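Each chain is listed here by its residues.
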Amino acid sequence: MTHVNPARKQSEKALYGGTGSRRITVRDIAAAKERAEKWPMLTAYDAMTASVLDQAGIPVLLVGDSMGNCHLGYESTVPVTMDEMAMLSAAVVRGTRRALVVGDLPFGSYQEGPVQALRNATRLVKEAGVGAVKLEGGERSAHQIELLVQSGIPVMAHIGLTPQSVNAYGGYPVQGRGEEAAQQLLRDAKAVQDAGAFAVVLELVPAELAAEVTRSLHIATVGIGAGPDCDAQVLVWTDMAGMTDGRVPRFVKQYAQLRQGLGDAARAFAEDVVGGSYPAEEHSFH
């Protein structure tokens with residue numbers, strides 16, 4: 001009988017740094033929660049960026065409606081359409097081999113009710129090939145989540161600050177401050193879990209409240225501006241890599257300065273063209 005080292009077996013199963021080559025699934029997310037493994041998630045909106053992040057070992061990629069702000073030039077996530085979401089989700093799926101790709105349901109694609117949500121979620125699964133979808137809202141979206149899960153579509157929920165509601169909020173305020181708001185957030189978290197969501201994003205939530213939610217749920221919590229105790233952390237990749245122009249949210253840590261580097265490269269190229277040094281002999285055909 002072949003003896004398998006338990007430590008090696010655990011290493012193979014790890015979401016980040018694991019040696020498996022198959023697609024990550026929601027069952028892997030559940031197993032990571034059971035063994036208290038923390039894991040990273042990033043957004044992606046195109047095949048090339050997704051390929052880089054996938055090869056870096058990021059186990060979950062979110063095709064977020066944040067594409068509205070950082071990829072499509074909108075002022076918020078609200079204008080993002082299903083056509084845009086389907087096209088870019090398909091590109092991310094094509095650019096990856098291992099990551100679980102989660103596609104956002106954009107504003108107006110599920111608020112009418114469960115049937116509308118199922119129709120649009122089915123489109124992301126069939127046309128784009130995503131492994132799961134994400135939608136905003138706690139108790140108010142529980143019926144949508146329940147039907148999607150019953151229909152075989154894994155759902156990542158999103159509570160706390162829900163950016164699609166920016167017009168109602170009048171901005172992007174921290175959510176869950178005060179006893180009443182905290183209790184509502186806990187009810188929302190339990191509601192999406194009971195409806196069958198496999199994970200829930202907690203955005204702009206006090207760290208202590210996010211820790212309480214994480215302890216109270218058996219599904220994974222994904223923090224963004226929600227402190228260090230969530231099961232996972234997500235950032236918009238353009239914020240994380242320093243591509244975003246101007247100020248970034250307080251919770252963002254920038255791990256590179258790609259905007260500056262890309263600008264430097266563009267200027268160097270332009271100067272070579274204007275100065276006549278590009279293309280040189282080695283770049284030419286005869």
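Cut-offs and rules
- Residues numbered from 1 in each chain as written.
- Predicted model: local features only at pLDDT ≥ 70, side-chain atom pairs only at ≥ 80, totals over all residues.
- Heavy atoms only, no water.
- Core = buried A, V, L, I, M, F, W, Y, C linked by side-chain atoms within 4.5 Å.
- Buried < 20%, exposed > 50% of the residue type's maximum accessible area, 1.4 Å probe, protein only.
- Helix = DSSP H or I, 4+ residues; strand = E, 2+ residues; numbered from the N terminus.
- Contact = heavy atoms within 4.5 Å.
- Phe/Tyr/Trp six-rings, centres within 6.5 Å; stacked < 30°, edge-to-face > 60°.
- Pairing = 2+ DSSP bridges.

S.K.: Summarise the nonpolar core; cite the residues concerned and give the values.
M.R.: Within the largest apolar cluster, 58 residues are counted, with the highest numbers of intra-cluster contacts made by Leu61, Leu105, Val133, Leu148 and Leu202. Of all the elements, helix 5 (residues 82–94) adds the most residues to this core, at seven residues. Aside from chain neighbours lying at most four places away, what touches Leu202 is Ile159, Ala210, Val213, Thr221, Val222, Gly223, Ile224, Ala226 and Cys230. Membership of the second largest hydrophobic core comes to 20 residues, among which are Ile24, Leu62, Ala199 and Ala232.

S.K.: Any chance you could break down the packing of aromatic side chains for me, citing the residues and the numbers?
M.R.: One pass over the full model with this rule turns up one aromatic pair. Ring geometry for Phe269 and Tyr278: centres 6.0 Å apart, planes at 65°, overall edge-to-face. Given a relative accessible area of 37%, Tyr278 falls into the partly exposed group.

S.K.: Tell me what's going on with unusual backbone geometry, and back it up with residues and numbers.
M.R.: Put simply, Tyr278 and Pro279 share a cis peptide bond, and its omega is 0°. Positive phi values are uncommon outside glycine, yet Ala36 reaches one of about 60°. Relative to the elements of secondary structure, Ala36 occurs in the loop between helix 2 (26–34) and strand 1 (39–43). Accessibility expressed as a relative area gives 64% for Ala36, which makes it exposed. With a phi close to 50°, Leu204 is a non-glycine residue in the positive phi region. Mapped onto the elements, Leu204 comes out in the loop between strand 6 (199–203) and helix 10 (207–216). What makes Leu204 buried here is its relative accessible area of 15%.

S.K.: I'd love a proper account of the pairing of strand 8 (residues 232–235), names of residues and values included.
M.R.: Of the strand pairs in this sheet, strand 1 and strand 8 are connected by four bridges, and their pairing is parallel. Looking at the pairing, Met41 lines up with Val234 of strand 8. Of the pairings in the sheet, the one linking strand 7 (residues 220–224) to strand 8 comprises two bridges and is parallel in character. When the sheet's bridge partners are listed, Val222 is paired in strand 8 with Ala232.

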